[in-house]
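Structural characterization, general
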Amino acid sequence: MLAGTFAGQIVHNQFFGLAWLKKQQDCLSEAERRYPGDALAGQMWQARCALPATRRMTAVSLSGSAAVLLISTGGLWVLPRRALRRAGPLKPAPAGMQEWADKEVDDLSLRSRPRIVEAADGWEEPFTAGPPGAPVVVLPAGVGALGRCGGSCLGTHRTEVFVDRRNPTRGHGPPE
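Residues numbered from 1 in each chain as written. Predicted model: local features only at pLDDT ≥ 70, side-chain atom pairs only at ≥ 80, totals over all residues. Heavy atoms only, no water.

**Comments concerning the state of the cysteines**
A covalent bond between the sulfur atoms of two cysteines is referred to as a disulfide. Threshold: In this description, a disulfide is simply a cysteine sulfur pair whose atoms lie within 2.5 Å. The helix and strand labels rest on DSSP assignments: H or I over at least four residues marks a helix, E over at least two residues marks a strand, and numbering proceeds from the N terminus. Throughout this description, buried means an accessible area under 20% of the type-specific maximum (1.4 Å probe, protein chains only), exposed means over 50%, and partly exposed covers the range between.
The tally for this structure, following the rule as stated, stands at 1 disulfide. Here C27 pairs with C49 through a disulfide, and the sulfurs are 2.0 Å apart. One quick way to see it: the torsion about the S-S bond of C27 and C49 is about -70°, and its sign makes the bridge left-handed. Of the two residues, C27 is situated in helix α1 (residues 2-34) and C49 in helix α2 (residues 39-49); the sequence distance between them amounts to 22 residues. In terms of burial, C27 and C49 fall into one category: buried.

Now the structure itself:
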């Protein structure tokens, strides 16, 4: 949100900066003319005089925050879908992986069970995607060749990522 506000300030200064500065200077000059020697009254008058320019600056800054929030939300929706599409046709995980994941879900008392799939050949990175309540854990092609321990270790890491998304306080105990 602060990045958006900062971006909004930059946009405001690029398009309205000189007008805003002129309004501030005009209001300051007028305040000094109307209230000579009374700094508090002059500052109050200057604030009221410059209020339209200040409101415009605030509106542009908040618009920048809204734009950053919209872009971020769009990225959260698009990027996992793009990764799922680029992983190629997904195949069911090797035998035993889904059963192992279901057991881990029961042990961790999670409400939703992730679907475990294997990516097409050439995809090397495991990742977790999908909406809350319907996660998909995508394992690289050939994960079955790792044997039970290798696949379990990889699955445990992805399960920890899933747990972190659901409840950030779980799965972060002290190192043993």
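Having put the structure on the table, let's press on.
**Describing the layout of surface pockets**
In this approach, a probe sized like a water molecule rolls over the atoms, and the result shows the empty space that is left. Defined as follows: Within this scheme a cavity is a closed region of a 1 Å grid, computed over the protein atoms alone, that accommodates a 1.4 Å probe without allowing it to escape, whereas a pocket is open but has protein on both sides within 12 Å along at least five of seven lines; lining residues each have an atom within 4 Å of a point. Grid points are joined across faces, edges and corners, and a volume is the space filled by probe spheres set on the points. Each residue gets one of three labels, nonpolar for Ala, Val, Leu, Ile, Met, Phe, Trp, Tyr, Cys and Pro, charged for Asp, Glu, Lys and Arg, and polar for the others, Gly among them.
Taken as a whole, the largest pocket spans an internal volume of roughly 210 Å³. Lining the largest pocket are G75, L76, W77, L79, P80, R81, G130, P131 and P132. Broken down by class, the residue content of the lining of the largest pocket amounts to 6 nonpolar, 2 polar and 1 charged.

**A closer look at the pattern of salt bridges**
The condition is simple: Salt bridges are counted wherever a side-chain nitrogen of Lys or Arg sits within 4 Å of a carboxyl oxygen of Asp or Glu.
All told, the structure shown has 6 salt bridges when counted by the stated rule. Of the charged contacts in the structure, one is a salt bridge between K22 and D26, with a shortest N-O distance of 3.1 Å. Of this pair, K22 and D26 both sit in helix α1, 4 residues apart, which is roughly one turn of the helix. By relative accessible area, which is 49% here, K22 ends up partly exposed. You can call D26 partly exposed: its relative accessible area is 40%. Note that D106 is salt-bridged to R113, the shortest N-O span being 2.6 Å. Accessibility expressed as a relative area gives 47% for D106, which makes it partly exposed. In this structure R113 comes out as partly exposed when scored by relative accessible area, which is 42%. One salt-bridge network, in which partners are shared between bridges, spans E30, R33 and R34.

**Description of the confidence of the model for the protein chain**
In plain terms, the rule: The predictor attaches a confidence to each residue, and that confidence, scored 0 to 100, is pLDDT. Throughout, a residue-residue contact means that at least one pair of heavy atoms, one from each residue, lies within 4.5 Å.
With 82% of its residues at a pLDDT of 70 or more, the protein chain has an overall mean of 83. Averaged pLDDT values over the elements of the protein chain bottom out at 54 in helix α5 (residues 147-166) and peak at 95 in α2. Here residues 168-176 scores under 50 on pLDDT; set against residues more than four positions off or in separate chains, the count is 6 contacts.

**Notes on helix α3 (residues 51-86)**
Within an α-helix, residues lying three or four positions from one another point in the same direction, as the helix has 3.6 residues per turn. Rules: Every helix has an expected span of 1.5 Å times one less than the residues it contains.
Taking 1.5 Å as the rise per residue, α3 with 36 residues should run 52 Å; its terminal C-alpha atoms sit 51 Å apart, in good agreement. Close packing links the buried residues of α3 with α1 and β3 (127-129). Looking at the residues trailing α3, positive phi occurs at G88, about 85°.

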